[in-house]
Structures are given as C-alpha cells and as structure tokens.
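Reading the structure
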Amino acid sequence: MADGETTVTGERKRYTVASLFCGLGGLDLGFQWEGFGIIWANDNSQHAVKSHLMNFGVEAVCADIMQLPLSEIPDADVIIGGPPCQSFSLVGQRLKDDPRSGLVSRFLEVIEYKRPKAFVMENVPGMAASHVNGRRLPEVLEEAFVALGYHVTKMNLVATDYLVPQLRKRLILIGCLSSPVKNIDKFAFARECYGIDLATYDLSAKGAIDDLGPCSPKGKRAKYHAGRLSAFAKLMREANLHDVSLHESPRMSDTDKLLVSYIPPGGNFMDIPDQVAPGRVLKFKKSGGRTTTYGRLHPDKPAYTINTYFRRPNVGCNFHYSELRLITPREAMRFQSIPDHFELSFGAQDQRNSLIGNAVPPLMARAIAWNLRKALDAKPVATPERTIQLSLL
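Just so it is clear, the model here is predicted, and its values are computed rather than measured.

With that settled, the discussion passes to the packing of helix α5 (residues 186-194) against helix α12 (residues 362-377). For the pair α5 and α12, the least separation of the axes is 11 Å and the interaxial angle reads 95 degrees. The pairing of α5 with α12 is recorded here as roughly perpendicular in orientation. Residues A188, F189, E192, C193 and Y194 of α5 pack against L363, R366, A367, W370 and K374 of α12. Its residues placed into classes, the contact of α5 with α12 shows 7 nonpolar, no polar and 3 charged.

In this section: the pattern of salt bridges. All told, the structure shown has 21 salt bridges when counted by the stated rule. The closest approach of N and O atoms between R373 and E34, which form a salt bridge, is 3.5 Å. Note that R373 is positioned in helix α12 and E34 in the loop between α1 (26-33) and β4 (37-43), a separation of 339 residues in sequence. Like E34, R373 is buried.

Moving on, we come to the nonpolar core. The biggest cluster of nonpolar side chains holds 71 residues, and the ones touching the most others in it are F31, V78, F335 and L372. Broken down by element, the residue count for this core peaks at 10 residues, all from α12. F335 has contacts with V164, P165, Q166, A205, A208, I209, L297, A303, I306 and I327, leaving out every residue within four places of it along the chain. By size, the runner-up hydrophobic cluster in this structure holds 31 residues, among which are A18, F119, L137 and V140.

Spanning 13 residues, helix α3 (residues 102-114) covers 18 Å between terminal C-alpha atoms, matching the ideal 18 Å at 1.5 Å per step. Burial in α3 covers these residues: G102, V104, S105, R106, F107, L108, V110, I111 and K114. Buried positions along α3 lie against β3 (16-20), β6 (78-81), β8 (118-123) and α4 (137-147). Looking one or two places after α3, you find R115, whose phi comes out positive at around 50 degrees.

We now examine the environment of F269. On the secondary structure map, F269 appears in the loop between α8 (254-260) and α9 (279-287). Sequence-wise, F269 and A129 are 140 residues apart; in three dimensions their C-alpha atoms are separated by 28 Å. Not counting chain neighbours up to four residues away, the residues in contact with F269 comprise V281, F284, K285, G289, R290, T293 and Y294.

We now examine the packing of aromatic side chains. Under the definition given, this model contains 11 aromatic pairs. With a centroid separation of 5.0 Å and 75 degrees between ring planes, the pair formed by F31 and F36 is classed as edge-to-face. The class of F31 is buried, set by a relative accessible area of 0%. On the basis of an interplanar angle of 80 degrees and a centroid distance of 5.8 Å, the ring pair of F56 and F342 is categorised as edge-to-face. Remark: F342 occurs in the loop between α10 (329-335) and α11 (349-357) and F56 occurs in helix α2 (residues 46-56); sequence separation between them is 286 residues. According to the relative accessible area criterion, F56 is buried, its value standing at 12%. By relative accessible area, which is 1% here, F342 ends up buried. Three or more aromatic residues joined by ring pairs form one cluster here, namely F107, F119, F145 and Y150.

The next subject is the layout of surface pockets. Estimated volume of the largest pocket: approximately 1,100 Å³. Lining the largest pocket are 46 residues, with G82, P84, G357, N358 and A359 positioned closest to its centre. With 4 residues, α11 is the single largest residue contributor to the lining of the largest pocket. Within the lining of the largest pocket, the residues separate by chemical class into 20 nonpolar, 18 polar and 8 charged. One number sums up the size of the second largest pocket: a volume of about 400 Å³. Contributing to the lining of the second largest pocket are 20 residues, with K218, E248, P329, Q349 and R352 lying nearest its centre.

Cut-off values and rules
- Residues numbered from 1 in each chain as written.
- Predicted model: local features only at pLDDT ≥ 70, side-chain atom pairs only at ≥ 80, totals over all residues.
- Heavy atoms only, no water.
- Axes fitted to C-alpha atoms, helices over the stretch in contact; angles between N-to-C directions.
- Helix = DSSP H or I, 4+ residues; strand = E, 2+ residues; numbered from the N terminus.
- Parallel < 35°, antiparallel > 145°, perpendicular 65-115°, else oblique.
- Contact = heavy atoms within 4.5 Å.
- Nonpolar A, V, L, I, M, F, W, Y, C, P; charged D, E, K, R; others polar.
- Salt bridge = Lys/Arg side-chain N within 4 Å of Asp/Glu carboxyl O.
- Buried < 20%, exposed > 50% of the residue type's maximum accessible area, 1.4 Å probe, protein only.
- Core = buried A, V, L, I, M, F, W, Y, C linked by side-chain atoms within 4.5 Å.
- Expected span 1.5 Å × (residues − 1).
- Phe/Tyr/Trp six-rings, centres within 6.5 Å; stacked < 30°, edge-to-face > 60°.
- 1 Å grid on protein atoms, 1.4 Å probe; cavity = no way out; pocket = protein on both sides within 12 Å on 5 of 7 lines; lining within 4 Å.
- Points joined across faces, edges and corners; volume = space filled by probe spheres on them.

Right under this line is the structure:
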C-alpha cells in the first residue's frame, strides 16, 4: 500500500496515520483499535522507538522533529501527536520565534506542509496557561489551523468518560478538511465499540487492578489472580495471557513503609501523625500540599492522574489501596488503559516511567479516533473563505 493511500474493506475505510512524538504509542494504539493504519511514527527517544517496534511492528524514526526534513514524513490521511508544551508568554513575537514554543510550532508547520485530511493535537489543559500577545495559545493555534482550511474542534476531555479508570484531563485540537468534528458521545462510544453501558461501568481502582496477582521480583513475570474480572480488566487481558510483565515489587524506604501504614484508602499526607511525620510532610501540612501528596488510592474510586513519578509517594496518589506499597509499573499501565500484552524497552526506571506517565490512554485515544472517523466518512461540508493571516509561521 502506498503512503497515504486510503483503502476500503467492505464499507469501512482504512485511513492511514503518521504519528509525531509517538512515545510508547498510546494515541497510535487507540487509532489502530479503530481500524486506522499506522504507517509512520517518530520520537526522539530510543526507548520509545524500540517500544513502538515491539508493539506495532512499525519501526519509528528516532530523530529530533525540529531537525527532521518535512519531506521525509510520508503522506498520510491523518497526522496525530502531542507536542510537549511548557508554559510561556510571548509579547510582540511570532510563535516560532521563541524556542520554548518550538515543538508546538513545528507540529503546525508539519500540518501546513503535509496537508493531511485530518489532524489530532493532544496536550495537557495547562497549555492554556501559555499566551501569545495576550491571547491563550489554544485559541491562537485554532485560528492558525482554521487559516489552513480546517474545520477545528477544541475538546477538554476527562479519561473516565471513555472507559479509563483515571481522572486524567487532556486538551485536544482536532481538525478535518472535509467536515466538522462533533463532540464525542461517550455513551454511544462505549456502547458501539465495546457493548458497554457507561452508566453501570466499573471505573474503580479495585476493578482496574485487582485481578493482578502478587508482585513479582524484578525481571520476573507475575501470575494473575483467579476470579471474576471487571469489564475493564477483560479489555486489558484481551490477549488471554496467563502472566504479565512489569508487575514488580516497588522499592520503598523504611520511612515510606511506615508512613503508608497510617494513611487510609483515599487519604493523604494529612493522615500522617505529626509525631512520625518527617520534615517534608510537616512542611506540606503547614503550607498546604496537593490532595494527592502521599495519596493512597481508594478502591471504589478512579485513580488520579498517573504522572511520570509514580514510584515516588510525594508526587501523586501512588499508594496501593489495600497493600502497604506503591503501585507497580503494570498497575500504572492499567490505570492508563495500556493493555497487558504491551511491552516496553527501557534502561533506567525513570525512562520506563516517563513512557508510561506521558502516554495518552489508548481507550480515550480510540474514542477520539472513533469520533474523527465519523467526520472523515461524512459528506464534505464547504469551508468558508478564510481571510485570516497565518501569522504564527
């Protein structure tokens, strides 16, 4: 199949996808589940590239997207990616003039050069904290994509709306040349793609990870618990595996082992008695730490956002709800809706955890792909004439 070629199997079109900033492939997997074909991917991390090959059979290009010639990106129906974006403010400058905005600006350049049928740009809601000449960055980007002729929809998504047992928020910009993209009907997505009634679906932490058996030693595979599976666990174990990797006993200091014994399920640093609390915890109590600081999962509620520091108790709600330990990498992957057959290439633990914590939850990604397909398949809608100047580039 030639690059960018759209094929039709029966009445279902197979659109092609090029993935930028692919990481371990969370966005890619969601699109693949929805029948899109991943034909090309890119990341500047060797571990991301190797992980992508292991799980997709597509050898991603390991290169800095800022240095990669745009002509080397193949034609594809859809371009997806989540360019990292730190908060910044520009006054009297164009977006591309500031190095902090480079990756976001580069994504826009790729879309202008390649002109795909559609694009998906993912980022954290905090992207709105960035400003360009007094205007919020998402608004500036939306206007720039509209100037290129795209129907653009901005979505603020919460992962729990899309079958993911995690309170993760993401900002999505979706553009389509032919038709506007509507907001996602979360109930229809769950029903049509998985036969699930979202109103009765179990989003709890216990339902997400309770079938994972005892932790294994480092480098060893762990057995599953026998018993009833939640609907979510069934989705994660679709490969019918008998054991699983990366469900390894987390390393913890003696101090942290003591502290977690005082924190009830759903609790946090405020539950640690002052007489046993170390100085850093007393500082949190005095200054007001985050709700998730030294947080412990509640078995009946979704996890909070899984970040890249889930092996640390002070940066997120990372304590297991019933065991006196931190969550394992595989449990973090479960909360991200990364299926159990997924394997990772990494050296240090931080490299592994960055791949996991930075991923887009694949179930949420499939909802985005499912919704985008409707616009791609729809009868084209005329795009009004645009007089806006593309002043970002």
